[in-house]
Amino acid sequence: MDYQKILEDIYQEILPYAKEGKQADYIPALAKVDPDQFGMCLETVEGEVYEYMQAETRFSIQSITKVFALAMCLSIKGESLWKRVGKEPSGTAFNSLVQLEIEKGLPRNPFINAGAIVLADILLTELDDPEEEFLTFVRALCGNETVDYNMEVAVSERETGYLNAAIANLLKYHGAIENDIERVLMFYFKMCSVEMNCRELAKAFLAFTNYSPFEYAGYKLSRSRIKRLNAVMQTCGFYDEAGEFSYLVGLPGKSGVGGGIIAVCPLRYSVAVWSPRLNSKGNSVMGMKALELLTTYTEESIF
Ligand code: GLU
């Protein structure tokens, strides 16, 4: 398979969409990002790397971080994790309060904000130095020690994160978080602020692609847990566009409002794409198109 040519052809084909959508501007620090950027990187389980355009420019991974947090929580808590957070698609926006109120503080899944705020709370309870351990885990997965939080983004999000603060308060009211609200929120925003590039993300997600048991920085996942983590990505990775992504692309994946999308083709490759302009659901316009074409051209998807 000539993946390099496929990436180049895909880019030409999605160029007409280059000005569609706009970058996330509800986080002031992200509003400053140049929206006209694009990068893509595919890494096979054999370790071959194919990249195109700005595959080595770092960006805010935002909600993609929730997959790393879930992997750590699954490793620590095992199946008992699902008493704190559900695993059903939400069908609502990533920051919806309504569903959380109706369901009395049990977040629908770990990839909506309420669910990830609960994951942050679990890591705060379980770990001595959660900030450091989280980074150590992500750095081990991508093999790069320089991956870090961007404090400007984290602080900027905290200063304007009224909706996430409301979610955290509602969770606390229902007894769903144990730690101090401010501490939980800041750790959640820090995890979202991690910056990586497409190449680093593709590498990190290989661990979830080849389905062999793994241990990174002391965190272990069995083959069965990796399968389950992929199932949650498949059903819940794109908020209220999870069905659309499944239909068009056919791979487990996760998006973030920084414009990044990661997807996994089990036992074949992981692929990361980044372009900051988002559609109305918060997913990268060019990223969605690129992945749709990738599975069309390669005829490699889980279906
Ligand atoms: N930090 C973002 C928020 O909480 C993450 C959302 C996303 O990437 O989808 O609003």
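Residues numbered from 1 in each chain as written. Predicted model: local features only at pLDDT ≥ 70, side-chain atom pairs only at ≥ 80, totals over all residues. Heavy atoms only, no water.

## Quick look at the pairing of strand 9 (residues 269-274)
Short version of the rule: Relative accessibility under 20% of the residue-type maximum defines a buried residue, over 50% an exposed one, and the middle range a partly exposed one, all with a 1.4 Å probe and only protein chains included. Strands are runs of DSSP state E lasting at least two residues, helices are runs of H or I lasting at least four, and both sets are numbered from the N terminus onward. What makes two strands pair is DSSP finding at least two bridges between them.
Of all six residues in strand 9, six are buried, a share of seventy percent or more. Neither face of strand 9 is exposed, since Y269, V271 and V273 on one face and S270, A272 and W274 on the opposite face are all buried. Of the strand pairs in this sheet, strand 1 (residues 39-44) and strand 9 are connected by six bridges, and their pairing is antiparallel. In the sheet register, E43 faces strand 9, and the bridge partner there is S270. Pairing of strand 8 (residues 260-265) with strand 9 involves six bridges; the strand directions are antiparallel. If you follow I262 over to strand 9, its bridge partner there is A272. The turn joining strand 8 and strand 9, which pair antiparallel and follow one another in sequence, is formed by three residues; a positive phi near 65° is taken by L267.

## So, the environment of A217
Going by this rule: Any two residues having at least one pair of non-hydrogen atoms within 4.5 Å are treated as being in contact.
Assignment of secondary structure puts A217 in the loop between strand 5 (214-216) and strand 6 (219-221). Sequence spacing of A217 and I302 is 85 residues, and the spatial spacing of their C-alpha atoms is 29 Å. With near-sequence residues (within four places) excluded, A217 lies in contact with T136, F137 and A140.

## What about helix 9 (residues 181-193)?
What counts here: By this rule the span expected of a helix is its residue count minus one, scaled by 1.5 Å.
Here helix 9 spans 18 Å end to end across 13 residues, near enough to the 18 Å set by a 1.5 Å rise per residue. Of all 13 residues in helix 9, ten are buried, a share of seventy percent or more. Along helix 9, the residues that are buried comprise I181, V184, L185, F187, Y188, F189, K190, M191, C192 and S193.

## Points about the site of the ligand
We count it as follows: Throughout, near means a residue has at least one heavy atom within 4 Å of the molecule or strand. Any pair of N or O atoms that falls within 3.5 Å is considered a polar contact. Within protein, one atom must be able to donate a hydrogen and the other to accept it, and sequence-neighbouring residues count only if both atoms are side-chain atoms. The accessible surface values rely on the Shrake-Rupley method and a 1.4 Å probe; as for residues, cover is taken only from the protein chains in view. All residues other than Ala, Val, Leu, Ile, Met, Phe, Trp, Tyr, Cys, Pro, Asp, Glu, Lys and Arg, Gly among them, are scored as polar; the first ten of these are nonpolar and the last four charged.
Near the ligand the following residues occur: Y26, Q62, S63, F94, N113, E157, N164, Y188, C192, Y239, G256 and V257. At 2.8 Å, a side-chain N or O of S63 approaches an oxygen atom of the ligand. Between N113 and the ligand, the recorded distance is 3.0 Å, taken from a side-chain N or O atom to an oxygen atom. Here the ligand, which alone exposes 300 Å², has 100% of that area covered by the protein. Here the shell around the ligand is composed, by residue class, of six nonpolar, five polar and one charged.

## Comments concerning the sheet that holds strand 9
What counts here: To define axes, lines are fitted to C-alpha atoms, for helices over the stretch in contact only, and angles between the resulting N-to-C directions are given on a 0 to 180 degree scale.
Read from one edge to the other, the open sheet built from five strands follows the order 2-1-9-8-7, with strand pairing classed as antiparallel. Bordering the open sheet on either side are strand 2 (49-53) and strand 7 (253-255), each of which pairs with just one other strand. Averaged over all adjacent pairs, the angle separating strand axes in this sheet is 5°, with direction ignored.

## Side note on the packing of helix 6 (residues 130-142) against helix 9
Cut-off, in case you're wondering: Just so you know how the angles are binned, under 35 degrees is roughly parallel, over 145 roughly antiparallel, 65 to 115 roughly perpendicular, and the rest oblique. In this scheme, a crossing is called left-handed if the near helix is turned counterclockwise away from the far one by less than a right angle; it is called right-handed if the turn is clockwise.
Put simply, helix 6 and helix 9 touch, their axes get as near as 11 Å, and they point 20° apart. Relative to helix 9, the element helix 6 lies roughly parallel. The handedness of the crossing between helix 6 and helix 9 is right-handed. Along the contact surface, helix 6 presents P130, E131 and F134, while helix 9 presents R183, F187, K190 and M191. Taken together, the residues of the contact of helix 6 with helix 9 break down into four nonpolar, no polar and three charged.

## Examining the side chain of T295
Within the element layout of this structure, T295 appears in helix 13 (residues 285-298). A relative accessible area of 10% means that T295 is categorised as buried. In this structure the side chain of T295 is engaged in a polar contact, spanning 3.0 Å, whose partner is the backbone oxygen of V249. Dropping the residues within four chain positions of it, T295 is found in contact with L248, V249, L251, Y269, E300 and S301.

## Focus: the pairing of strand 8
Of all six residues that make up strand 8, six are buried, and the element is covered over most of its length. Taking every second residue as pointing to the same face, both faces of strand 8 are buried, with G260, I262 and V264 on one and I261, A263 and C265 on the other.

## Here we look at the side chain of R84
By secondary structure assignment, the location of R84 is in the loop between helix 3 (65-77) and helix 4 (98-102). A distance of 2.9 Å separates polar atoms of two side chains, one belonging to R84 and the other to D121. Reaching out from R84, the side chain makes a polar contact with the backbone oxygen of A176 at a distance of 2.9 Å. If we skip the residues at most four places from it in the chain, R84 touches L106, P107, V118, D121, I122, A176, I177 and E178.

## Describing the layout of surface pockets
Put simply, the rule is: Buriedness for pockets is judged along seven lines, at least five of which must meet protein on both sides within 12 Å for an open set on the 1 Å grid over protein atoms alone, while cavities are sets there where a 1.4 Å probe fits but cannot get out, and lining residues have an atom within 4 Å of a point. Grid points are joined across faces, edges and corners, and a volume is the space filled by probe spheres set on the points.
Estimated volume of the largest pocket: approximately 220 Å³. Along the wall of the largest pocket there are 19 residues; nearest its centre are A29, L30, V33, S60 and E195. Secondary structure elements with two or more residues in the lining of the largest pocket: helix 2 (28-31), strand 3 (59-60) and helix 7 (151-160). Grouping the amino acids of the lining of the largest pocket by side-chain chemistry returns nine nonpolar, six polar and four charged.

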